[in-house]
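Geometric and topological summary
What follows is each chain in one-letter form.
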Amino acid sequence: MTETESVIRGYYAAFAAGDRLAMLALLAEDVAHDVNQGQRQTGREAFRAFLAHMDACYREEIRDLAVMVDGTGTHAAAEFVVEGEYLATDSGLPEARGQRYSLPAGAFFTLAEGRITRVTTYYNLADWIRQVAA
């Protein structure tokens with residue numbers, strides 16, 4: 001396993017363990033975070049706030065994680081399925097009633113000096129809305 005793959009797998013292992021401090025430790029101070037269907041957020045503190053918001057609204061687990069790394073070790077991608085529960089209504093989205101969902105997703109990463117400098121996450125928002133609005 002390359003150092004880059006180890007960092008990405010560590011990021012998802014920390015997510016699975018609910019260890020937000022370990023996740024944040026893998027990020028560069030000025031990490032760029034491209035939120036699905038949203039604006040780019042910059043910095044570890046913005047990422048911390050994002051995680052807190054997500055934890056308040058959703059309970060999620062990752063399964064079927066696949067990690068791919070380019071030959072230079074500076075770019076990586078992860079494909080996975082998010083199994084979740086919608087806990088609290090998120091602004092502009094359907095009302096939360098504890099709905100369960102299963103959603104294929106992917107993330108793209110840039111790394112430098114052993115830290116994640118960019119995270120870009122994609123999933124099908126229309127599919128998620130269909131699942132939770134039913």
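Provided above is the structure to which this section pertains.
Let me begin by describing the structure that accompanies this report. (Residues numbered from 1 in each chain as written. Predicted model: local features only at pLDDT ≥ 70, side-chain atom pairs only at ≥ 80, totals over all residues. Heavy atoms only, no water.)

With that out of the way, let us pick up the packing of aromatic side chains. With the rule as written, the count across this model stands at 10 aromatic pairs. Look at Tyr 11 and Tyr 12: their rings are 5.0 Å apart centre to centre, the planes differ by 90 degrees, and that puts the pair in the edge-to-face class. Classification of Tyr 12 by relative accessible area gives buried; the value is 8%. Judged by centre distance (5.9 Å) and plane angle (75 degrees), the rings of Tyr 101 and Trp 128 are edge-to-face. Taken as a pair, Tyr 101 in strand 5 (residues 100-112) and Trp 128 in helix 4 (residues 125-133) lie far apart in primary sequence, 27 residues in all. Of the two residues, Tyr 101 and Trp 128, both sit in the buried class. Aromatic ring contacts, followed pair by pair, group Tyr 11, Tyr 12, Phe 80 and Phe 109 into a single cluster. (Phe/Tyr/Trp six-rings, centres within 6.5 Å; stacked < 30°, edge-to-face > 60°. Buried < 20%, exposed > 50% of the residue type's maximum accessible area, 1.4 Å probe, protein only. Helix = DSSP H or I, 4+ residues; strand = E, 2+ residues; numbered from the N terminus.)

The next thing to look at is the sheet that holds strand 1 (residues 27-34). One open sheet holds the 6 strands; their spatial order is 2-1-6-5-4-3, and the pairing between them is mixed. Since the sheet does not close on itself, it has two edges, and those belong to strand 2 (40-42) and strand 3 (58-69), each with one partner. Ignoring which end each strand starts from, the neighbouring axes of this sheet average 20 degrees apart. Both strand 5 and strand 6 (residues 115-123) contribute to a ladder of 8 bridges, which runs antiparallel. Counted as the bridge partner of Thr 110 is Arg 118 from strand 6. Strands in contact with helix 4 are strand 3, strand 4 (75-86), strand 5 and strand 6; relative to strand 5, the strand with the most contacts, it is inclined by about 150 degrees. (Pairing = 2+ DSSP bridges. Axes fitted to C-alpha atoms, helices over the stretch in contact; angles between N-to-C directions. Contact = heavy atoms within 4.5 Å.)

Okay, the pairing of strand 6 next. Two elements, strand 1 and strand 6, share 4 bridges in a ladder whose sense is parallel. Residue Ala 32 lies in a different strand from strand 6, and its bridge partner there is Arg 118. In textbook terms, the turn of a hairpin is the stretch between consecutive antiparallel strands, and for strand 5 and strand 6 this stretch comprises 2 residues, one of which, Glu 113, has a positive phi near 50 degrees.

Our next topic: the pattern of salt bridges. Evaluation of the coordinates by the stated rule reveals 10 salt bridges. A salt bridge links Arg 44 to Glu 29; its shortest N-O distance comes to 3.1 Å. Here the residue Arg 44 occupies a position in helix 3 (residues 44-57), and Glu 29 occupies one in strand 1, the gap between them amounting to 15 residues. Linking Glu 83 and Arg 63 is a salt bridge whose minimum nitrogen-to-oxygen distance equals 2.6 Å. Here the residue Glu 83 occupies a position in strand 4, and Arg 63 occupies one in strand 3, the gap between them amounting to 20 residues. Owing to a relative accessible area of 23%, Glu 83 belongs among the partly exposed residues under this scheme. (Salt bridge = Lys/Arg side-chain N within 4 Å of Asp/Glu carboxyl O.)

Moving on, we come to the environment of Tyr 86. For Tyr 86, the position within the fold is in strand 4. With relative accessibility at 0%, the residue Tyr 86 sits in the buried group. For the pair Tyr 86 and Arg 97, spaced 11 residues apart in sequence, the C-alpha to C-alpha distance is 6.8 Å. In this structure Tyr 86 touches Cys 57, Tyr 58, Leu 93, Pro 94, Glu 95, Ala 96, Arg 97, Gly 98, Gln 99, Tyr 101, Trp 128 and Val 132, once residues within four positions along its chain are discounted.

From the geometry alone we can't say anything about function, so treat these as descriptive.
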